[in-house]
Amino acid sequence: MKSKAFLSESKKILVTGGAGFVGSTLADELVKLGHQVTVLDNLVTGKREYLNPQAKFYKVDICSDEVSRIFSQEAFDLVFHLAAQIDVRKSVEDPIFDNKVNVFGSLNILKNCLENKVEKIFFSSTGGAVYGDASEIPTTEKFLPSPICPYGIHKLTFEKYLNYYYQVYGQKYLTLRPANIYGPRQYNGGEAGVISIFVDNTVNKRRCIISGDGTQTRDFVYVDDIVQAFLKAMYSNFVGEINIGTGRETNLLEVVKAIETALGNDIEKVHGPARPGEQMRSCLDAKRAKEILHWKAQVDLKTGIKKTIEWSKNKKHPPDL
Ligand SMILES: NC(=O)c1ccc[n+]([C@@H]2O[C@H](COP(=O)([O-])OP(=O)(O)OC[C@H]3O[C@@H](n4cnc5c(N)ncnc54)[C@H](O)[C@@H]3O)[C@@H](O)[C@H]2O)c1
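Residues numbered from 1 in each chain as written. Predicted model: local features only at pLDDT ≥ 70, side-chain atom pairs only at ≥ 80, totals over all residues.

S.K.: What am I meant to see in the overall build of the protein chain here?
M.R.: Of the regular secondary structure elements, the protein chain holds 11 helices and 13 strands. Relative to the compact-globule value of 20 Å for 321 residues, the protein chain shows a C-alpha radius of gyration of 19 Å, a close match. Across its three principal directions, the C-alpha atoms of the protein chain cover 55 × 45 × 40 Å. Taken over 321 residues, the protein chain has a buried fraction of 47%. (Helix = DSSP H or I, 4+ residues; strand = E, 2+ residues; numbered from the N terminus. Rg over C-alpha atoms; globule rule 2.2 N^0.38 Å. Buried ≥ 20, exposed ≤ 12 C-beta atoms within 10 Å, placed from the backbone.)

Below, the structure written as structure tokens:
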């Protein structure tokens with residue numbers, strides 16, 4: 001744990017991907033804590049209306065040369081790196097593009113952290129995709145990752161770069177490996193976020209398509225819990241990887257049931273074809289998060305789904321599809 005002075009100090013913080021679902025929720029909390037927040041985002045999936053009005057904004061791609069100029073001009077103390085190509089299916093269709101954003105772009109951010117003496121970089125990896133179809137469920141950080149999609153491969157590759165920069169140059173980092181995140185503001189155009197997609201379909205009277213028999217499982221964690229994990233990470237001296245999940249496996253049929261229970265009525269659903277190569281099980285062991293960050297998921301699925309439905313019903317902006 002860091003000193004009291006550190007806790008109360010206002011820091012210059014960069015949030016890449018800070019117009020996105022998780023990044024914008026994190027930026028809001030950092031602003032509330034009194035930090036000077038800058039957001040760097042190319043708005044490919046992020047939304048201008050999610051930008052915190054007190055944060056400085058650069059509409060810039062993480063792959064661009066502009067990044068160097070911004071880093072030297074702003075002199076950030078800390079960087080939360082969340083900008084990413086997050087769609088697993090897209091990564092399968094175009095692994096070169098996924099590599100460009102998630103490896104090359106991330107490396108551009110990391111190189112600038114080192115050159116501009118950033119104290120620490122916090123990276124949002126993926127506990128849902130780095131391990132692949134793990135034989136150990138719930139999966140611990142000690143399990144050897146074996147991703148089965150380019151998205152997972154590239155997230156893991158950048159984790160290795162973080163470790164290399166730490167070992168060789170002393171650049172501090174902390175990688176969080178979040179499970180499947182859901183909640184308000186989740187982008188509804190990609191594959192990630194089955195809960196948000198089903199909720200949005202239901203609220204807008206579209207039917208939900210369950211791929212395969214619906215017995216595939218995920219570990220669903222509410223966005224506010226993820227943000228709390230990032231905030232706790234900020235005050236930790238730990239360098240390495242930490243799973244952020246609930247340790248609970250939930251299958252798609254149970255997700256549908258939970259949405260139906262929250263709504264008080266059945267939802268329109270059909271089974272579609274199983275997705276070839278789809279990971280069948282995913283669930284994270286979060287003991288390390290508890291020990292090191294004193295973090296534990298607080299929002300149960302029932303409550304999280306209710307909050308997501310409420311947000312979806314009241315949302316002013318339809319998804320940009
Ligand atoms: N959503 C999940 O279930 C989940 C689970 C585990 C990890 N993550 C990770 O958490 C992070 C945030 O994910 P999210 O769900 O908020 O996704 P999101 O798509 O809402 O956010 C990503 C943000 O990055 C921006 N971005 C994308 N490419 C960029 C580029 N080349 N340059 C600059 N900005 C770019 C987008 O515009 C968007 O605002 C990602 O790194 C993702 O891989 C997400």
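S.K.: Can you help me understand the pairing of strand S4 (residues 78-81) in this one?
M.R.: Look at any regular strand and the pattern is simple: side chains alternate between the two faces of the sheet. With four bridges connecting them, strand S1 (residues 12-16) and S4 associate as parallel partners. Pairing of Leu14 across the sheet is with Val79, part of S4. Bridge count for S4 against strand S5 (residues 120-124) is four bridges, and the pairing is parallel. Following the sheet pairing, Phe80 is matched in S5 by Phe122. (Pairing = 2+ DSSP bridges.)

S.K.: Quick question: what am I supposed to make of the site of the ligand here?
M.R.: The immediate surroundings of the ligand are formed by 31 residues, with Gly17, Gly20, Phe21, Gly46 and Ala84 found nearest. Looking at the shell around the ligand, the elements with two or more residues in it are helix H2 (21-32), helix H5 (95-115) and strand S7 (180-182). The element contributing the most residues to the shell around the ligand is H2, with three residues. Classifying every residue of the shell around the ligand gives 16 nonpolar, 13 polar and two charged. (Near = placed C-beta within 6 Å. Nonpolar A, V, L, I, M, F, W, Y, C, P; charged D, E, K, R; others polar.)

S.K.: Would you take a moment to explain the sheet that holds strand S6 (residues 172-178) for this structure?
M.R.: Two modes of strand pairing occur in sheets, parallel and antiparallel, and in both the strands are linked by backbone hydrogen bonds. Taken in spatial order, the seven strands of this open sheet run S3-S2-S1-S4-S5-S6-S11, and their pairing is parallel. The sheet is open, and its two borders are formed by strand S3 (56-58) and strand S11 (240-244), each paired with just one other strand. Between one strand axis and the next, the sheet turns through 20° on average, direction left out of account. Sheet strands in contact with H5 are S1, S4 and S5, and its direction is about 170° off that of S4. (Axes fitted to C-alpha atoms, helices over the stretch in contact; angles between N-to-C directions. Contact = placed C-beta atoms within 7 Å.)

S.K.: So what exactly am I meant to see when it comes to the packing of helix H9 (residues 252-263) against helix H11 (residues 301-314) here?
M.R.: Running from N to C, H9 and H11 cross one another at 65°; their axes reach a closest spacing of 9 Å. Helix-helix and strand crossings are classified by hand; for H9 and H11 the assignment is right-handed. Here Ala258, Ile259, Ala262 and Leu263 of H9 come into contact with H11, specifically with Leu301, Lys302, Ile305, Lys306 and Ile309. For the contact of H9 with H11, a count of residues per class yields seven nonpolar, no polar and two charged. (Left-handed = near helix turned anticlockwise from the far one by under 90°.)

Geometric values such as these leave the question of function open.
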